[in-house]
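So you can see what is in the structure, the chains are spelled out below.
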Amino acid sequence: MGSAPQSETLNPSEKKRNKQKNKGEETDAPAYFDIYGPDAKADVVFKDLPAASSTLNLQDVQGLVKWVLGDGVMPSWIFVKNKPIIRNVILLYIPGLDAALYMSYKRLFSSLSEFCGNPKPVLALSCVSDELQTIDALLTCRKRKRDIDDSDKSNSNQLNEHGKFVRINLKDIQDLPFPITYYTLSKKQLADNGYYFELPGMVSTIPVSSGDPFHEIVALDCEMCITANGFELTRITLVDIAGEVLLDKLVKPLNPIVDYNTRFSGITPEMLDGVTTTLSDIQEEFLQLVHSETVIVGHSLENDLSALRVSHERVIDTAVLYSHRDQRGGTYHKLALRVLARNFLDRSIQCSGNGHDSVEDACAALDLALLKIKYGPDFGARQGLKKGKLVSALSQDSKKCSLIDDISVVKRYSDDSCNGISVSSDSEALSRTIKEAKKDRVGFIWTQFSGLINYLRDRSKDSEKLKCQIAEVLALRTCDNVKISRKKSKDMCPELKAVLSEIDSKIAKLYNELLANSLLVICTGHGDTPLVQRLRRMLSNESEIPVERQSLVQALEEFQAQAEVALCFASVKH
């Protein structure tokens, strides 16, 4: 078991050597060594590390999988005994279960404690990312150098023999390892990059009627002038995947223009003279061309959609798509569209001196997105940051993989070598995982129990429960923690108790059905991200704040600190 003391996992010879060492006798025997034979058993033991290096990250968890099944590097935080006889690895992801929640209600996890012992703390991604980014960190990995070299050869640019860019068509990006939806922004990315869909006058795209054709991908660019009410739409351009213009119209702002912003917008007073098309007219036309299933491509689209007053979540933002961290791994930096066009399209844009051309900008963003989709997420990345799917890496080591999760996760992270199994409930995930774990040829299984994060997501929408949570965490800052903890245990929400108990029951069923020498790794990834994200939105919208702003800031600090400490359990079935 992952938390068992060292003496409980040592064989007799190891115990004898340790006794000799304790008596002062010299011995050059290592602390751990493998024994092979008919009675040998695999095991894992967490190592005692200095406090400063005892907390893991998500790459450490993934590294354990790669070490056991592939050609990864031996982890420094855990000893894997008799590694060759481990038959498979099951990585179970339970988002929402942070260290604070687990310790507060540990009595509800009797099976988890019995089978897996005490966990190791895991530091979640900075700023508490959403679930998809955590999954991405676990199910994608850096490519090996030989794979990077091979992919670089195929990532030659799209120039023909005359040096002209050849546009990628829809056929070129079908049946790729990373589907188009892999590159759309997650809800967390939308929020972090200023996509606000609850502004006054917002209209939402609607689903396409069954059987009707629709545009799968379009590119959008808008130009704005400054009015007495701020930036307002004055031109909209929409192009299809072939670069053909679908919509290109000038728009009369609702309020008087105070600055035509010609240097950037390219709009002049003469251009708008006689224009009668209004924002509502454009919205009506736009919704006839773009449906909720359509992927909209653009550069910093938060500004375009805001000016257009359209709510749409299937977005590929090339500013985010080609962003990169600074050398210290901190802030993400976005590059200007003209820089990206020059670097990757060999194209000069926005250099006429007469302002931007929205058709030109829309086509540039479209071509950049298509390049990334065709050549994969590594296109345009720095050499050391190129990554691929974990299942693909394990497949190269002749390990068959099964991904059991929501269909969006399966499509995003599986490949042709992988068994992609979509499920719609934790019960279904459990039964399919048990079935896959008993197959001889399956070496790696990923699955997720999402009951807790779904409960937390629903709870974050309840204003009364939210107020209670804020009051409780503020009380913890000033009161006796022991008293609060006892009261918390006594007054535990029956719904949360049922959710946690159900998770423990499912873990017990899974463990009991595993075959001998199967390695079960459980990672929680992060804590209550829906609550953290709700509080952040409240701080950006003063009218929603139910308490003093400073109190809400303090509560957010506490909730975020809790959510950033996840857990990792590891145990071999005997």
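Residues numbered from 1 in each chain as written. Predicted model: local features only at pLDDT ≥ 70, side-chain atom pairs only at ≥ 80, totals over all residues. Heavy atoms only, no water.

Chemist: Would you mind going over the packing of helix H18 (residues 426-437) against helix H22 (residues 494-513) with me for this structure?
Modeler: A pair of packed helices is characterised by two quantities: the angle between their axes and the separation of those axes. Packing of H18 against H22 leaves a shortest axis separation of 10 Å and a crossing angle of 10 degrees. Judged by the angle between their axes, H18 and H22 are roughly parallel. Judged by residue contacts, Asp426, Ser427, Leu430, Thr433 and Ile434 of H18 engage Lys506, Lys509, Leu510 and Glu513 from H22. Taken together, the residues of the contact of H18 with H22 sort by class into three nonpolar, two polar and four charged. (Axes fitted to C-alpha atoms, helices over the stretch in contact; angles between N-to-C directions. Helix = DSSP H or I, 4+ residues; strand = E, 2+ residues; numbered from the N terminus. Parallel < 35°, antiparallel > 145°, perpendicular 65-115°, else oblique. Contact = heavy atoms within 4.5 Å. Nonpolar A, V, L, I, M, F, W, Y, C, P; charged D, E, K, R; others polar.)

Chemist: When you look at the sheet that holds strand S20 (residues 442-448) in this model, what are you seeing that I'm missing?
Modeler: Strand pairing within a sheet occurs via backbone hydrogen bonds; the two strands may be parallel or antiparallel. Spatial ordering of the open sheet is given by S2-S5-S22-S21-S4-S20-S18-S19, a layout of eight strands whose pairing is mixed. Of all strands in the sheet, those bounded by a partner on one side alone are strand S2 (56-57) and strand S19 (418-422). (Pairing = 2+ DSSP bridges.)

Chemist: So what exactly am I meant to see when it comes to the pattern of salt bridges here?
Modeler: Working definition: two side chains of opposite charge can pair if their charged atoms are close together. One pass over the structure, following the stated rule, counts 10 salt bridges. Taking the shortest distance from any N to any O, the salt bridge between Arg347 and Asp367 comes out at 2.7 Å. Of this pair, Arg347 sits in the loop between helix H14 (337-345) and helix H15 (358-375) while Asp367 sits in helix H15, and the two are 20 residues apart along the sequence. Under the relative-accessibility criterion, Asp367 is labelled buried at 0%. With a closest N to O distance of 3.9 Å, Glu464 and Lys467 form a salt bridge. Taken together, the residues span about one helical turn, with Glu464 and Lys467 both in helix H20 (residues 463-478) at a distance of three residues. According to the relative accessible area criterion, Glu464 is exposed, its value standing at 51%. (Salt bridge = Lys/Arg side-chain N within 4 Å of Asp/Glu carboxyl O. Buried < 20%, exposed > 50% of the residue type's maximum accessible area, 1.4 Å probe, protein only.)

Chemist: Explanation requested: the nonpolar core in the structure shown.
Modeler: One recurring pattern in soluble globular proteins is that nonpolar side chains are buried together. One finds Val68, Leu139, Ile217, Ile316, Phe444 and Trp446 to be the most contacted residues of the largest nonpolar core, which totals 74 residues. Top contributing element to this core by residue count: H15, with 11 residues. Setting aside anything within four residues of it in sequence, one finds Phe444 in contact with Val65, Leu69, Val89, Leu91, Leu139, Leu390, Leu394, Lys400, Cys401 and Ser402. One finds Tyr105, Ile434, Tyr455 and Leu500 within the second-largest nonpolar core, a separate group that totals 41 residues. (Core = buried A, V, L, I, M, F, W, Y, C linked by side-chain atoms within 4.5 Å.)

Chemist: Just checking my understanding: could you explain the packing of aromatic side chains for this structure?
Modeler: How two aromatic rings sit relative to each other is set out by the distance from centre to centre and by the angle between their planes. Within the structure shown, the criterion is met by 10 aromatic pairs. For the pair Phe115 and Tyr511, a centre-to-centre distance of 4.3 Å together with 15 degrees between the ring planes defines the contact as stacked. With Phe115 in helix H5 (residues 110-116) and Tyr511 in helix H22, this pair connects stretches of sequence that are 396 residues apart. One exposure class covers both Phe115 and Tyr511, and it is buried. Their ring planes at 80 degrees and their centres at 5.2 Å tell us that Tyr182 and Tyr183 sit as a pair that is edge-to-face. Exposure class is identical for Tyr182 and Tyr183. Each is buried. Connected via pairs of aromatic rings, a cluster forms that spans Tyr322, Phe344, Tyr375 and Phe379. (Phe/Tyr/Trp six-rings, centres within 6.5 Å; stacked < 30°, edge-to-face > 60°.)

Chemist: Looking at this structure, I do not really get the packing of H14 against H15. What am I missing?
Modeler: Here H14 crosses H15 at 50 degrees, and the two axes come no closer than 10 Å. In terms of orientation, H14 and H15 fall into the oblique class. Where H14 crosses over H15, the handedness of that crossing is left-handed. Only Asp361, Ala364, Ala365, Asp367, Leu368 and Leu371 of H15 make contact with H14, whose side of the interface consists of Leu337, Leu340, Ala341, Phe344 and Leu345. For the contact of H14 with H15, a count of residues per class yields nine nonpolar, no polar and two charged. (Left-handed = near helix turned anticlockwise from the far one by under 90°.)

Chemist: Which parts of the structure should I look at to understand the pairing of strand S21 (residues 518-523)?
Modeler: Side-chain direction in a regular strand flips from residue to residue, so the side chains alternate between the two faces of the sheet. With six of its six residues buried, S21 lies for the most part within the structure. Across the two faces of S21 the burial is the same, with Ser518, Leu520 and Ile522 and Leu519, Val521 and Cys523 all buried. Where strand S4 (residues 88-93) and S21 come together, six bridges link them in parallel fashion. The residue bridging Leu92 from the neighbouring strand is Ile522, located in S21. Pairing analysis gives five bridges linking S21 to strand S22 (residues 565-572), with the strands arranged antiparallel. What sits directly across from Ile522, in S22, is Phe569.

Chemist: Would you mind going over unusual backbone geometry with me for this structure?
Modeler: The phi torsion of most residues other than glycine is negative, and most of the peptide bonds are trans. Non-glycine residue Ser398 carries a positive phi angle of around 65 degrees. As for its placement among the helices and strands, Ser398 is situated in the loop between helix H16 (390-396) and strand S18 (400-405). In this structure, Asn517 takes a positive phi of about 70 degrees despite not being glycine. In this structure, Asn517 sits in the loop between H22 and S21. Note on Asn517: relative accessible area 15%, which makes it buried.

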